[in-house]
Amino acid sequence: MDDRYERQVVMPEIGAAGQERLEHSRVLVVGAGGLGSPILLYLAAAGIGTLGIADNDHVSLSNLNRQILYVTHDVGRSKALTAVQRLRALNPEVKAIPYEVRILRDNGLALVQQYDLVVEASDNLKTKALMNELCVHAGVPLVWGAISRFEGQMGTYLPGHACRACVFPRLPEPGTYPTPAELGVLGAAAGVIGALQTVEAVKILLELDKPLVDKILLWEGLWSSFDMVEVERNPQCPVCGSV
C-alpha cells in the first residue's frame, strides 16, 4: 500500500480493503471549475483509480479566484487537459481522462454508464438537470452541488430515492434568474461545497452509513450555518417517477 494513503488507511471506516476499493473506482466529474477544482484534487489525493473530467471550457482570468486547479499562465488553456496535468502531478497512480465536450443527451448516457459515480460540479442549471436525468436513467449515483455568493447547497441521488427533479421539476425561464456572473461568488464557498461533495462521493463508493439521500444540505457562509431540508420522492416526478 502506497504511503501516500496511510492517513486514511488507518481509519477503520476505510482500511486497506476500502483503499483498494477506491483504487478500483471510476468517478466522472462534470465541470472542472470552482466546484470541480477541489473535488478533483481531493479525489485524486484520495486515490480514486479513474477520474473522468468533462469540461469544454478554457481557463479565463476571472476563474482564478475560485478555480484552484489553475494558475495565471494557464489562461486560455483547456480546463480538462490542464486539470489532467495537475492531477497526474499530484498523484501519478490515478488515471485521469479528459473529455473536452459538452455533455448532451446524445453523448451523455454512454459516458455516464462507464462510471460508478458522477459528481456534478457545473454552474449551469441545464447541465444540472441533464446530469440528474442521465444518472437516473443509467442507475448511477449522483452527487450534485451549487454555489452562489456566500452560500451553497448539495444533495445526493441514489436509485430508489428522490432525484433532483423531485425538488426542482422544471428550469426557470431564461432571463428570470440571475446568471452566476451576475450573482458573484466567494472563491472559498466553492471549496466548502466541493469538499463536502467529495466526502459524500467517498462515502458512497465505500458504502458507508448515512448518505445524503432524500435531503438537501444548505450552507450559509455569512451566518456560518448548516441546515438540512428533508425531501420526498415524487411519484409523479418527470425524471424518476417512472423508474
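Because the structure is a prediction, the values reported are computed rather than measured. (Residues numbered from 1 in each chain as written. Predicted model: local features only at pLDDT ≥ 70, side-chain atom pairs only at ≥ 80, totals over all residues. Heavy atoms only, no water.)

Just to check I follow, could you spell out the packing of helix α3 (residues 36-46) against helix α9 (residues 187-205) for this structure?
Viewed as axis vectors pointing N to C, α3 and α9 meet at an angle of 40 degrees, and their least axial separation amounts to 8 Å. Here α9 runs oblique to α3, going by the angle between their axes. α9 is crossed by α3, and the crossing has right-handed handedness. Packed against α3, whose contacting residues are P38, I39, Y42 and L43, the element α9 presents A190, G191, G194, A195, Q197, T198, A201 and V202 at the interface. (Axes fitted to C-alpha atoms, helices over the stretch in contact; angles between N-to-C directions. Helix = DSSP H or I, 4+ residues; strand = E, 2+ residues; numbered from the N terminus. Parallel < 35°, antiparallel > 145°, perpendicular 65-115°, else oblique. Left-handed = near helix turned anticlockwise from the far one by under 90°. Contact = heavy atoms within 4.5 Å.)

Honestly, the nonpolar core in this entry has me stumped. Any pointers?
Most often, soluble globular proteins keep nonpolar side chains buried together rather than apart. Of all hydrophobic cores here, the largest spans 39 residues; its most connected members are V27, V29, L40, L43, L51, I53 and L117. For this core, the secondary-structure elements that each account for two or more residues are β1 (26-30), α3, β2 (50-54), α4 (79-90), β4 (117-120), α9 and β7 (215-220). No other element matches the six residues that α9 contributes to this core. If we skip the residues at most four places from it in the chain, V27 touches L43, I48, T50, L51, G52, Y115, L117, V119 and L205. Among the nonpolar cores identified, the runner-up in size contains 28 residues, and L28, L134, V140 and W144 belong to it. (Core = buried A, V, L, I, M, F, W, Y, C linked by side-chain atoms within 4.5 Å. Buried < 20%, exposed > 50% of the residue type's maximum accessible area, 1.4 Å probe, protein only.)

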